[in-house]
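Each chain, written out:
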Amino acid sequence: MTYPQNVNIYSNLTSKPSGTITALPPSLVAQYHFTDLGAVKPYIGAGVNYTIFGNTANFGNINNALVVNNSSVGFVGQIGADYMLDKNWGMNVDLKYATMSTNVTGQNALPGQNIGKLTLNPLMPSVGVTYKF
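Below: a short report on this structure.

Quick look at the overall build of the protein now. Assigned secondary structure in the protein consists of zero helices and 10 strands. Of the regular secondary structure in the protein, the N- to C-terminal order runs β-β-β-β-β-β-β-β-β-β. Within the protein, the fraction of its 133 residues that count as buried is 30%. Counted over contacts in the protein with a minimum sequence separation of 6, partners at least 24 positions apart contribute 55%. Carbon and sulfur atoms make up 59% of the accessible area of the protein, which totals about 8,400 Å².

Following the sequence through the fold, M84 ends up in strand β6 (residues 71-84). Classification of M84 as buried rests on a relative accessible area of 10%. A C-alpha to C-alpha distance of 7.8 Å links M84 and T130, two positions 46 residues apart in sequence. Ignoring anything within four residues of it in the chain, the contact list for M84 reads A39, K41, W89, G90, T130 and K132.

Turning next to the side chain of T22. Tracing the chain through its elements places T22 in strand β2 (residues 19-24). When its relative accessible area of 10% is taken as the criterion, T22 is described as buried. Sequence-distant contacts of T22, defined by excluding residues within four places in its chain, comprise P4, Q5, N6, I52, F53, G54 and N55.

A word on a nonpolar patch on the surface. A cluster of nonpolar residues, V40, Y83, L85, W89, M91, V93, V127, V129, Y131 and F133, forms a patch on the protein surface that exposes about 1,100 Å² of accessible area. Going through the elements one at a time, β7 (89-98) and β10 (123-131) are the ones with two or more residues in the nonpolar patch. Residue M91 is classed as partly exposed on the basis of its relative accessible area, which comes to 38%.

What follows concerns the environment of H33. Considering the arrangement of structural elements, one finds H33 in strand β3 (residues 27-33). A relative accessible area of 28% places H33 in the partly exposed class. In the structure, H33 is positioned 48 residues away from A81 in sequence and 8.5 Å away in space, judged by C-alpha atoms. Discounting residues that sit within four places of it in the chain, H33 has contacts with P42, Y43 and D82.

Cut-offs and rules
Residues numbered from 1 in each chain as written. Predicted model: local features only at pLDDT ≥ 70, side-chain atom pairs only at ≥ 80, totals over all residues. Heavy atoms only, no water. Helix = DSSP H or I, 4+ residues; strand = E, 2+ residues; numbered from the N terminus. Buried < 20%, exposed > 50% of the residue type's maximum accessible area, 1.4 Å probe, protein only. Contact = heavy atoms within 4.5 Å. Areas by Shrake-Rupley, 256 points an atom, 1.4 Å probe, with all protein chains shown as cover. Patch = residues over 30% accessible without salt bridge, like charges linked within 9 Å, V, L, I, M, F, W, Y side chains within 5 Å. Salt bridge = Lys/Arg side-chain N within 4 Å of Asp/Glu carboxyl O.

Fair warning: the whole summary comes from geometry, so function is off the table for now.
Okay, here's the thing in structure tokens:
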């Protein structure tokens, strides 16, 4: 389960954040589990990420920019492991890498002008509880 994350946006013009947006990055991942290692069950995965951008009006005052594409489709890769405490219960850790980007166009002073591309390629760590039926 995930929820929208606040993302600070930086530009080459300043060291302070130029604005913020939110990104909700649900992913569909196929995994391969290595099962012959006892209680530790490492896995790798690859799939598709569909990111939904929100609060795009908070992008900031750089050239009166506005993120106009509200979504992004990209690649996601994953590496992780389950550690089984008993037959049913275990702990899980993983790290995902996702590609996401959206086009930025001008507003007000630069209406409709293509300003560039906002690219976010985050590493997303997670920790969880595993239950197997």
